[in-house]
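Inside the fold
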Amino acid sequence: MARERKKRFGWLLFLMLTIWTLITATVIWVDPENIVDLVIPGSYFLFGALLFVGVFLFLTIIFLSARRALWWAGGMMLFLYLRLWGLGSLFNALLTLGIIACGELYARFGEKG
């Protein structure tokens, strides 16, 4: 008989609150022109990476699944970068949502079959 592992999310909650505090501080006190070209020119990469980690940790707590949170956080970041490049529209949002939903269904039914 398999023993169920007790999951503790206290450290995850602490890390998520720390990351969201950093995101809030970045939005309030850092000029966007200072971070636009830091790692990859024109990409806001550091802010995007920080936002991705924050959304990922938040969704991990909500969904109780890291794989599911990774799918949704990646889709959100894809759409945000499409908006940054001027390609974000309702149509692209629905396409991104459809890709995420199909990926979730494929992952769910691929495990059972």
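1. Observations concerning the pattern of salt bridges
- The full count for this structure, using the stated rule, is one salt bridge.
- Of the charged contacts, one joins Glu 104 and Arg 68 as a salt bridge, the two residues approaching to 3.0 Å between their closest N and O atoms. Of this pair, Glu 104 sits in helix H5 (residues 90-112) while Arg 68 sits in helix H4 (residues 66-84), and the two are 36 residues apart along the sequence.
- By relative accessible area, which is 31% here, Arg 68 ends up partly exposed.

2. Considerations on the packing of helix H3 (residues 45-63) against H4
- For the pair H3 and H4, interaxial distance at closest approach is 8 Å and the crossing angle is 145 degrees. In the packing of H3 onto H4, the handedness of the crossing is right-handed. Along the contact surface, H3 presents Phe 45, Gly 48, Leu 51, Phe 52, Val 55, Phe 56, Leu 59, Thr 60 and Phe 63, while H4 presents Ala 66, Arg 68, Ala 69, Leu 70, Trp 72, Ala 73, Gly 74, Met 76, Met 77, Leu 80 and Tyr 81.
- For the contact of H3 with H4, the class distribution of residues is 16 nonpolar, three polar and one charged.

Conventions and cut-offs
- Residues numbered from 1 in each chain as written.
- Predicted model: local features only at pLDDT ≥ 70, side-chain atom pairs only at ≥ 80, totals over all residues.
- Heavy atoms only, no water.
- Salt bridge = Lys/Arg side-chain N within 4 Å of Asp/Glu carboxyl O.
- Helix = DSSP H or I, 4+ residues; strand = E, 2+ residues; numbered from the N terminus.
- Buried < 20%, exposed > 50% of the residue type's maximum accessible area, 1.4 Å probe, protein only.
- Axes fitted to C-alpha atoms, helices over the stretch in contact; angles between N-to-C directions.
- Left-handed = near helix turned anticlockwise from the far one by under 90°.
- Contact = heavy atoms within 4.5 Å.
- Nonpolar A, V, L, I, M, F, W, Y, C, P; charged D, E, K, R; others polar.

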